[in-house]
Amino acid sequence: MRELELYFGPQHMGMVGNFSITLKVEGDRILQAISNPGYLHRGFEKLMEYRTWIQNFPIVCRMNVVEPDSMEMIYAMGVEKLAGLEVPERAHYLRSVYLELARVGSHLFGLWAYSNMLGFDTVAQWAMYHRDLVLDLFEELTGGRVYHIYIWPGGVRRDFPKGFKDKIVSALHSIGGCVPDYNNTFFENRLFYDRAKGIGKISQKEAMELGAAGQVLRATGMKYDIRKIQPYAAYDKVDWEVPIREEGDAYSRILVIRDEMIESVHMIFKLLDVMPEGPVYHRIPNPFKWTIPRGDAYVRIESSRGELGLYLVSDGGDKPYRAHFRTPSYPHGLIILERLLKGASVADVGNIMISLYVVAPEIDR
Amino acid sequence: MKKGNIFSPFKAIRHLFRKPKTLKYPFEPKEPARRYRGFHLNDWDACTGCGNCADICPNGAIIMVEIPEIKPEPGKKNQRPKLDYGRCCFCGLCVDICPPGALSLTGDYFHIHFDTKTFSFIPGDEKSDPEHFVDPQNYSLLKASLSHRKKNFPGFSPDIEYALFEPERVPMPQVEPEERSLSFIEQVLGYSEKEARAEAARCLECKLCEEACPAHLKISDYIKAIYLGEPEESLRKIYEDNPIPAICGRICMKHCEAACSLSVRGEALSIRWLKRFVADTVRDYQKALQQKPAPSTGKKLAIIGAGPGGLSMAYFSALKGHHVTVFDSLPGGGGMLRVGPPLYRLPIEAIDKDVNYIKSLGVEFRFNATVGKNISFGDILKQYDAVYLGIGMTMSRSTKVRNSEKCILALNFLERNKIREKVNVGKKVVVIGGGNVAMDVARESIRLQHIQHPGEEVVTSAVSLEDWDIMPANKEEIEEAKEEGIRFNPAWGPKDVLLDDKGNIRGLLCMKVKRVFDDAGRFSPTFYEDQEMILEADTIIEAIGQASDFSFIPKEMFDQLKFTPRRKIQVDEYGMTSLPGVFAGGDIVNTNLDAVTAIADAKIATEGVDHYLSAIPIS
């Protein structure tokens, strides 16, 4: 049979985000897949070297459109570690609640992408509606719907507005109440089950070797979550579980995402119950004169996609000397995707890619 | 995986009876959240034009543009931010840095236009831009844009709790009121290096202060040098415009701090105390400054009065290479500052530190030399190529009420306490006046009372025509005087000094003041004749103002001297009076009546003198 070269994306129904894959196919089988990132490259890491410590804070979030909040968090943590800034107790709780809301919103977006791509339009509309509820919460809290620009060095930017707790609870109840509907129409639906089961399977050993994290690793049975291993914000203040699956295929990955979403909702309720009162921001030094002593710091958190790391270097100046992000989409979208697509059928390209939960701008920093 | 029921598709019918999940159908416009980060709103009345928003913007979306309709004034530039919405990322850092809290974001977020130029916009608010901000009933979503916006549509607003600047000062260590009212020790202790650097770190470098300062000191530069831990560099920056930092660091009227953008919602930067920190920290001015006067021009300049104006004139002219001689009737430099400000505010050592440095530049000082007595003005005019009058105001005014000759005049009181033997005060002292001199007198008086009458009950009261709201003394001074126990009687005017049988002062008869200024704003007090009060007193000190003493100028020359309608000597743009070769500055020329304005006058006159001297041949 003839070997063909096939361009998949960046404009393709099955492709979410500005990303493309070059496929070598023989009939329906993929012989080789080469990831083509770069469509969204805006040079963030370089840009950051030309902006002061505070000016970088509205920029970092743009590296991940779907869940900008973990980017804000990791930048704030990096700066706090380098500059030795204290964060008030209540701000830790606010950060955790906010990050978990972001995780729920992000997972709903992932659910939309997955179901939409496979043709489950109803589920996609539900997921979008529920994500909108979360975005309304963000708008209420931060003033922004997509880029919230909320966690900054020293704490968070504003305290909860009046009556915000109740709004969180009612929105999350509305989302949680629809989980059986999601199960019926999507997760336990034969049409989806048959498409996703056994697709894009990866073993635990291989996943670890290729640098996988997040759902990709947890779907192979590895209980690996930075929130548990190296707790930050207020994640060690409440009890919660790390959901895992054993199979390592696309179906188990999406189930991990679902279970995580449910766990996040429970965690938010627990955090809201034990949240202390008090200030939420310790003032940073005058931004026009703020220099951070020479040094470097590596911080890591669990974003909705996996382990997110930041290596931040200061030469004692008012700008970062170097900022390097370790984004989970990088190994998932470039290395693991290429590995999993080998031998898969052309119809499953979007299926596998979305199950890996790749966000293209994270790769193009 | 369970097997599906054949009827399960029909289960979907139940959704017909549920509340629809679709939002806003039929269409209704979305109301943004209260904190929504939409287009900007700028309160032009509050905006100081400081430009901090433009400095912090990560995208360079803000530029400051001059608005010709706005008149710049101290603490306010006539610039306003212009937003480029092609660049703005709506992060709101501009809102959080805005010192006066003028900038905020609104709920507006629509702007559609064919012309990209319309995306650059100078935001205003309902007051400054009434045509673009319409009432809700006239507002149409179809026309929504940067130039068609809803009134009262707030979004992300400034909050001082989360501001990016530090609104509070590093507190200045001071001697407690109970302790300081017992002696003349310096009240303000001065910042330590750590405190000074922390205070200097608050400066946002907007330079509003530099425009407000009469002498235009490079404030943000010298503050930055303090922040960087380089007090010597800071001193060099100060000496470019002000040669008496140890003096000004203590008694400056700080026009800069009134203009500081931080003062709108918080406390102004302690610019004066930071200057004092530099002057006190650098021990050896000569080593730090390394200044050398220009080669000698051979021209001779006489300066009458070694006050702040005379000292500055001497410094700047000496650097230009002229031979400078300063005459003063007092035994040391500083002029009125040597005798006026009490020891607890301005110690003699601080004055001498500044004067000695100016002396080291080759300036000749002739102290204890009263012009008109020890040397005549005519001789000075003959012997020198140019003369600078920096004589200030050396005579106290009297209320001229009956028996007022029994009272003590403020400047005599202050001078004796500072450089001669202390005045004996009674147990009940009344000070007439509400200005800064009156505060100095009252506060000295209570110290003297504690020293001279230990353990006894003593009272110092102040009587002023002005009520609290228009009292001319500094607010801080009034507060400190209150802390020390001065009893104020605002809005009372003196009518009569009452004497007992032996001719000693018994008290002061006062009348209630109706108003101090007339409709034209001129000083013209009126009284309620029927409301009177007697303040018991054994000593009364009059501190109602000062005047200049021109008696040393011969009559025929004095007649040629031109005055302004406000009885100030008229000078041209070079500081020269109507007498050729005679320059003037300070309190006899300006109406600010303070040291830093005298320095500013001296800077102008230095150029004038230099210009004048270069035109005449060497004698």
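Note that the structure is a prediction, hence the values are computed from the model and not measured.

S.K.: Quick rundown of the overall build of chain B? Include the residues and the values.
M.R.: Counting its regular elements, chain B contains 20 helices and 22 strands. Counting only contacts in chain B whose residues sit at least 6 apart along the sequence, the fraction spanning at least 24 positions is 72%.

S.K.: Before we move on, could you go through the overall build of chain A and cite the residues and values that matter?
M.R.: When helices and strands are tallied, chain A shows 15 helices and eight strands. Once the C-alpha set of chain A is aligned to its principal axes, its extents read approximately 70 × 45 × 35 Å. Within chain A, buried positions represent 53% of all 365 residues. For chain A, restricting intrachain contacts to residue pairs at least 6 apart in sequence, the fraction spanning at least 24 positions comes to 69%.

S.K.: Can you tell me about helix α20 (residues 595-615) of chain B, naming the residues and giving the values?
M.R.: Helix length check: α20 of chain B, at 21 residues, gives a terminal C-alpha distance of 30 Å against a target of 30 Å (1.5 Å per residue), a fit within 8%. Of all the 21 residues making up α20 of chain B, 16 are buried; the element is thus mostly covered by neighbouring parts of the structure.

S.K.: So what's going on with the environment of E444 of chain B? Residues and values would help.
M.R.: Residues and elements named next belong to chain B. Position of E444 among the secondary structure elements: in helix α17 (residues 436-452). Assessed through the 27 C-beta atoms surrounding it within 10 Å, E444 is described here as buried. For the pair formed by E444 and Y344, sequence separation is 100 residues and the distance between their alpha carbons is 8.8 Å. Sequence-distant contacts of E444, defined by excluding residues within four places in its chain, comprise P342, L414 and N417.

S.K.: Describe the confidence of the model for chain B, with residues and values.
M.R.: Looking at chain B, pLDDT values average 90 and 98% of them are 70 or higher. Across the interface, the model reports ipTM at 0.89; the global pTM reads 0.88.

S.K.: Mind laying out the sheet that holds strand β10 (residues 364-366) of chain B, listing which residues take part and the relevant values?
M.R.: Residues and elements named next belong to chain B. Strands sit in the order β10-β9-β8-β11-β22 across an open sheet of five strands; the sheet is parallel. Of all strands in the sheet, those with a lone pairing partner are β10 and β22 (582-584), marking the two edges. Geometrically, the sheet is characterised by an average inter-axis angle of 20° between neighbouring strands, direction not taken into account. The sheet contact formed by strand β11 (residues 386-389) and β22 spans three bridges and is parallel.

S.K.: Can you tell me about the pairing of strand β16 (residues 487-490) of chain B, naming the residues and giving the values?
M.R.: Two elements, strand β15 (residues 459-464) of chain B and β16 of chain B, share four bridges in a ladder whose sense is parallel. Along β16 of chain B, the bridge assignment pairs A462 of chain B with F488 of chain B.

S.K.: Could you give me a rundown of the domain arrangement of chain B, with the residues and numbers involved?
M.R.: Residues and elements named next belong to chain B. By domain assignment, chain B separates into domain 1 (25-164), domain 2 (177-289), domain 3 (300-393 + 550-615) and domain 4 (395-546). One C-alpha centre belongs to domain 2, the other to domain 3; they are set 25 Å apart. Each partner contributes to the interface: domain 2 provides 22 residues, whereas domain 3 provides 28 residues. Those elements that provide at least two residues to the side of domain 2 that touches domain 3 are α8 (245-251) and α11 (285-289). It is α8 that provides the largest number of residues to the side of domain 2 that touches domain 3, a total of six residues. Residue classes in the side of domain 2 that touches domain 3 are distributed as 15 nonpolar, four polar and three charged.

S.K.: Can you explain the interface of chain A and chain B? Please cite residues and give values.
M.R.: Interfaces are often described in size by the accessible area the parts lose on coming together. Chain A puts 26 residues into the contact, and the matching count from chain B is 30 residues. When residues of the side of chain A that touches chain B are assigned to their parent elements, the largest contribution, five residues, is made by helix α5 (residues 121-142) of chain A. Partitioned by chemical class, the residues of the side of chain A that touches chain B number eleven nonpolar, five polar and ten charged.

S.K.: For the environment of Y162 of chain B, give the residues involved together with the corresponding values.
M.R.: Within the element layout of this structure, Y162 of chain B appears in the loop between β7 (149-150) and α3 (177-180). When the C-alpha atoms of Y162 of chain B and L381 of chain B are compared, they prove to be 63 Å apart, with 219 residues separating the residues in sequence. The residues touching Y162 of chain B, leaving out its near neighbours within four places in the chain, are R157, R158 and Y281 of chain A together with D96 of chain B.

S.K.: Please set out helix α16 (residues 410-419) of chain B residue by residue, giving values where relevant.
M.R.: Residues and elements named next belong to chain B. Residues of α16 that are buried include every one of A410, L411, F413, L414, N417 and K418, and no others. What you see down the axis of α16 is that its buried residues fit within an arc of 160°, all on one side. Residues of α16 that are buried make contact with α13 (336-339), β12 (395-396), β13 (408-409), α17, β20 (539-542) and β21 (546-547).

S.K.: Give a description of the packing of α5 of chain A against helix α6 (residues 164-176) of chain A that names residues and reports values.
M.R.: A pair of packed helices is characterised by two quantities: the angle between their axes and the separation of those axes. All names here are of chain A. Running from N to C, α5 and α6 point in directions that differ by 170°, and their axes come no closer than 9 Å. Judged by the angle between their axes, α5 and α6 are roughly antiparallel. Where α5 abuts α6, its residues H130, L133, V134, L137, E140 and L141 lie against F164, K167, I168, A171, S174 and I175. Looking at the contact of α5 with α6 residue by residue, the class counts come to eight nonpolar, two polar and two charged.

S.K.: Residues and numbers for the packing of helix α4 (residues 89-118) of chain A against helix α12 (residues 250-274) of chain A, please.
M.R.: Residues and elements named next belong to chain A. Interaxial distance between α4 and α12 falls to 9 Å at its minimum, and their mutual angle equals 155°. In terms of orientation, α4 and α12 fall into the roughly antiparallel class. Considering the relative orientation of α4 and α12, their crossing is left-handed. Listed contacts from α12 to Y93, S96, V97, E100, L101, R103, V104, H107, G110 and Y114 of α4 are I254, I257, E260, M261, S264, V265, M267, I268, L271 and L272. When grouped by side-chain class, the residues that make up the contact of α4 with α12 number 13 nonpolar, four polar and three charged.

S.K.: Talk me through unusual backbone geometry; I want residue IDs and the actual numbers.
M.R.: Residues and elements named next belong to chain B. One non-glycine residue, F90, lies in the positive phi region at around 55°. Within the secondary structure layout, F90 lies in the loop between β3 (79-84) and α2 (93-97). Of note in the backbone geometry, L593 takes a positive phi value of approximately 55° without being a glycine. By secondary structure assignment, the location of L593 is in the loop between β22 and α20.

S.K.: Can you break down the environment of D181 of chain A residue by residue, with the values?
M.R.: Here D181 of chain A shows up in helix α7 (residues 179-187). C-alpha of D181 of chain A to C-alpha of W126 of chain A: the two residues are 55 residues apart in sequence and 9.6 Å apart in space.

S.K.: Which residues make up the sheet that holds strand β8 (residues 322-326) of chain A, and what are the values?
M.R.: Residues and elements named next belong to chain A. A sheet is described by the order of its strands in space; here three strands give the open sequence β6-β7-β8, paired in antiparallel fashion. Either end of the sheet is taken by a strand with one partner, and the two such strands are β6 (295-303) and β8. In this sheet, neighbouring strand axes are inclined to one another by 15° on average, regardless of whether the strands run parallel or antiparallel. Pairing analysis gives five bridges linking strand β7 (residues 306-314) to β8, with the strands arranged antiparallel. Among the inter-strand pairings, Y311 is bridged to a residue of β8, identified as H324. In the packing of helix α3 (residues 68-83) onto the sheet, contacts are made with β6 and β7, and the angle to β6 comes to roughly 150°.

S.K.: Tell me what's going on with the pairing of strand β2 (residues 20-26) of chain A, and back it up with residues and numbers.
M.R.: Residue and element names in this part refer to chain A. Pairing of strand β1 (residues 3-8) with β2, which is carried by six bridges, proceeds in the antiparallel orientation. Paired with E3 across the bridge in β2 is E26. In this sheet, strand β3 (residues 29-36) lies alongside β2 in antiparallel orientation, the contact comprising seven bridges. Across the sheet, residue E26 finds its bridge partner in β3, namely R29. The turn joining β2 and β3, which pair antiparallel and follow one another in sequence, is formed by two residues; a positive phi near 65° is taken by G27.

Cut-offs and rules
Residues numbered from 1 in each chain as written. Chains lettered and ligands numbered in written order. Predicted model: local features only at pLDDT ≥ 70, side-chain atom pairs only at ≥ 80, totals over all residues. Helix = DSSP H or I, 4+ residues; strand = E, 2+ residues; numbered from the N terminus. Contact = placed C-beta atoms within 7 Å. Buried ≥ 20, exposed ≤ 12 C-beta atoms within 10 Å, placed from the backbone. Expected span 1.5 Å × (residues − 1). pLDDT = per-residue confidence, 0-100. Pairing = 2+ DSSP bridges. Axes fitted to C-alpha atoms, helices over the stretch in contact; angles between N-to-C directions. Domains from an automatic or database assignment. Nonpolar A, V, L, I, M, F, W, Y, C, P; charged D, E, K, R; others polar. Arc of directions from axis to C-beta. Parallel < 35°, antiparallel > 145°, perpendicular 65-115°, else oblique. Left-handed = near helix turned anticlockwise from the far one by under 90°.

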